[in-house]
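Spelled out from the first residue to the last, the chains are:
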Amino acid sequence: MLAKINELIETKNIKDLRTLLEDANTADLADAFDELDPERRVRLFRALQKDTAADVFAYLESDTQEELVSQLTAPELGRIIDELFLDDAADLVEEMPADVVKRILESASPETRKGINQLLQYKEDSAGSIMTTEYIELKPNMTVEESFRHIREVGTDKETLYTCYVVDPKRVLIGVVTVKTMLLSKYEDRILDIMTDANLITVNTNDDREKVTELFQKYDFMALPVVDSQKHLVGIVTVDDAMEVMEEESTEDFHKMAAILPFDDSYLDMGIFELARKRIIWLMILMISATFSGQIITHYQSVFAALPALIASIPMLMDTGGNAGSQSSTLVIRAIAIGELKLKDAFKVLFKELRVSLMVGGALAIVNFAYKYAISGDVLLALVVGISLFATVIFAQTIGGMLPLLARALGFDPALMASPIVTTIVDAGSLTMYFFVASKIMMV
């Protein structure tokens with residue numbers, strides 16, 4: 001399709017180009033834009049139908065959107081912004097530079113501009129910041145027939161039609177009804193009689209957006225109503241927006257688990273200086289904290305001097321401890337993220353990790369004891385390494401399992417307590433235990 005698009009743009013065959021674009025998938029068209037040069041992007045964009053152009057625009061990367069905004073005329077830009085769903089338009093404004101935002105808002109209709117500004121008032125990462133105000137609203141005394149007529153009149157500009165929301169005269173949410181329920185009901189039935197009004201699941205505009213994603217995962221919603229402190233319905237969050245949040249939160253957790261400050265841009269779009277800045281802060285912190293390991297080695301240098309053979313096992317102990325701790329922290333962080341673990345489960349986690357570490361540590365210690373004795377012939381040395389490895393694994397898996405829960409209890413993101421942090425702590429602990437055991441068993 002990309003080759004055909006290039007050919008039709010080159011020959012200026014707009015009629016055939018529009019015919020080709022009619023049946024094209026929106027996401028595929030957005031991918032095609034990334035492969036075109038800036039001039040052809042504008043030509044292709046102008047060949048799209050107005051509603052299709054808005055859908056494609058919402059799929060584009062922010063830098064491509066910014067490029068198009070700068071090249072479209074004010075009327076063209078205004079038509080696109082007015083066709084976008086309000087939540088997508090608000091997201092666009094949040095991501096663009098100030099001069100581009102000014103042009104976008106000037107091109108938008110007063111109604112769209114008002115809606116965008118309303119959404120931008122909610123704090124970042126709140127349910128209000130990701131909701132849309134374009135939903136179907138019904139009155140309790142409407143009949144099914146009247147409701148279908150209303151849906152046909154206003155549904156074109158709504159983000160979802162399947163679930164409709166029932167509000168009283170003060171716009172307080174009192175129930176929900178699906179199109180399926182209405183289709184299976186009689187035309188004369190009132191919405192009040194067929195709606196679901198018990199155990200309504202809602203979120204407040206100020207609730208964290210992570211709570212929104214947890215509710216979507218738990219209840220398999222297609223959309224979730226958002227209310228204010230007086231229970232007035234002010235918007236809905238749709239499943240596609242919830243999935244975007246899940247992706248963003250997962251990406252942020254990956255960054256934190258790798259000891260990188262989170263960032264929103266794609267890897268290739270990040271400048272080298274900005275990327276270095278995101279990495280160096282945590283690396284600096286971890287580097288300084290790792291000096292404790294050096295101080296421990298210095299403290300026990302007399303043990304080294306008496307038995308140099310101990311040095312050879314240090315890398316193995318530190319690596320095994322770090323890996324064991326990382327396994328535990330990764331499992332616990334993931335379980336917290338998907339709602340499997342709560343703070344009340346801390347004792348269960350501790351008990352489970354202790355039992356697992358006893359089995360894992362015991363197996364590793366036995367194998368390492370046999371290996372060390374086979375190559376050195378020194379039973380005391382093999383015993384020191386085996387006991388130290390056993391203790392290190394228990395310590396590492398316990399720390400790895402408990403630190404994420406401790407972070408959650410203190411109000412921090414559990415992802416912070418991932419591999420780099422755990423490894424740094426375990427390194428210091430494993431060295432301390434190693435030299436302590438050596439000094440006691442070998443009397444050095």
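Structural data are supplied above this passage.
Analysis parameters
Residues numbered from 1 in each chain as written. Predicted model: local features only at pLDDT ≥ 70, side-chain atom pairs only at ≥ 80, totals over all residues. Heavy atoms only, no water. Helix = DSSP H or I, 4+ residues; strand = E, 2+ residues; numbered from the N terminus. Buried < 20%, exposed > 50% of the residue type's maximum accessible area, 1.4 Å probe, protein only. Contact = heavy atoms within 4.5 Å. Areas by Shrake-Rupley, 256 points an atom, 1.4 Å probe, with all protein chains shown as cover. Lys, Arg positive; Asp, Glu negative; His and termini not counted. Charge placed at Lys NZ, Arg CZ, Asp CG, Glu CD. Pairing = 2+ DSSP bridges. Phe/Tyr/Trp six-rings, centres within 6.5 Å; stacked < 30°, edge-to-face > 60°. Lys NZ or Arg CZ within 6 Å of the ring centre and 35° of its normal. Arc of directions from axis to C-beta. Axes fitted to C-alpha atoms, helices over the stretch in contact; angles between N-to-C directions. Left-handed = near helix turned anticlockwise from the far one by under 90°. Nonpolar A, V, L, I, M, F, W, Y, C, P; charged D, E, K, R; others polar.

> Any details on the overall build of the chain? Residues and values, ideally.
Within the chain, the secondary structure is distributed over 22 helices and 6 strands. Dimensions along the principal axes, computed over C-alpha positions, put the chain at roughly 90 × 60 × 35 Å. Expressed as a percentage of the 444 residues in the chain, the buried residues total 43%. Contacts in the chain between residues far apart in sequence, at least 24 positions, make up 67% of those at least 6 positions apart. When the accessible surface of the chain is split by element, carbon and sulfur atoms take 57% of a total near 23800 Å². Of the charged side chains in the chain, 41 are positive and 67 negative, and the gap between their average positions amounts to 4 Å.

> Before we move on, can you summarise the pairing of strand β5 (residues 223-227) with the specific residues and values?
Along β5, 5 of the 5 residues are buried, which leaves the element largely enclosed by surrounding structure. Burial of the side chains of β5 extends over both faces: Ala223, Pro225 and Val227 are buried on one face and Leu224 and Val226 on the other. With 2 bridges connecting them, strand β4 (residues 203-204) and β5 associate as parallel partners. Note that in β5 the partner of Val203 across the bridge is Val226. Taking the residues between adjacent antiparallel strands as the criterion, β5 and strand β6 (residues 233-238) are bridged by 5 residues, where Lys231 takes a positive phi near 70°.

> Got a sec to walk through the packing of aromatic side chains? Specific residues and values, please.
According to the stated counting rule, one finds 8 aromatic pairs in the structure shown. A ring pair is formed by Phe369 and Tyr373, whose centres lie 6.4 Å apart and whose planes are at 5°; its orientation type is stacked. Within this pair, Phe369 and its partner Tyr373 are both found in helix α20 (residues 346-376), separated by 4 residues, close to a single helical turn. Of the residues examined, Tyr373 reaches a relative accessible area of 42% and is grouped as partly exposed. Counting every residue linked through ring pairs, the aromatic cluster contains Phe33, Phe45 and Phe57. Here the basic side chain of Arg355 rests over the ring of Phe351, its NZ or CZ set 4.1 Å away from the ring centre.

> Which residues make up helix α10 (residues 110-120), and what values do they have?
Listing the buried residues of α10 in full gives Thr112, Gly115, Ile116 and Leu119. Projection of α10 onto a plane perpendicular to its axis shows the buried side chains occupying an angular sector of 100°, all on one side. Exposed side of α10, more than 90 degrees from the buried face: Pro110 and Lys114 are the residues found there. Next to the buried residues of α10 lie α7 (74-83), α8 (86-95), α9 (98-107) and α11 (127-130).

> A description of the packing of helix α15 (residues 209-219) against helix α16 (residues 239-257) should follow, citing residues and the corresponding values.
Remark: α15 packs on α16, axes separated minimally by 9 Å, with the N-to-C direction vectors making an angle of 115°. Crossing of α15 over α16 shows left-handed handedness. Taken together, the residues of α16 that come into contact with α15 (itself represented by Arg209, Glu210, Thr213, Phe216 and Gln217) are Val239, Ala242, Val245, Met246, Glu248 and Glu249. Taken together, the residues of the contact of α15 with α16 break down into 5 nonpolar, 2 polar and 4 charged.

> Help me get a handle on unusual backbone geometry, residues and values and all.
Peptide bonds are mostly trans, and most non-glycine residues show a negative phi. Located in the positive-phi region is Arg171, a residue other than glycine, with phi close to 70°. Considering the arrangement of structural elements, one finds Arg171 in the loop between β2 (163-167) and β3 (173-178). A positive phi is found at Lys231, a non-glycine position, where the angle reads about 70°. If you trace the backbone, Lys231 turns up in the loop between β5 and β6. Assessed through its relative accessible area of 51%, Lys231 is described here as exposed.

> I'd like a rundown of the sheet that holds β6, residues and numbers included.
Read from one edge of the open sheet, 3 strands run β4-β5-β6, paired in mixed fashion. If you trace the sheet from one side to the other, it starts and ends with β4 and β6, each paired once. Each of β4, β5 and β6 touches α15; the most contacted strand, β5, lies at about 140° to it.

Remember, this is a structural readout, not a statement about activity or role.
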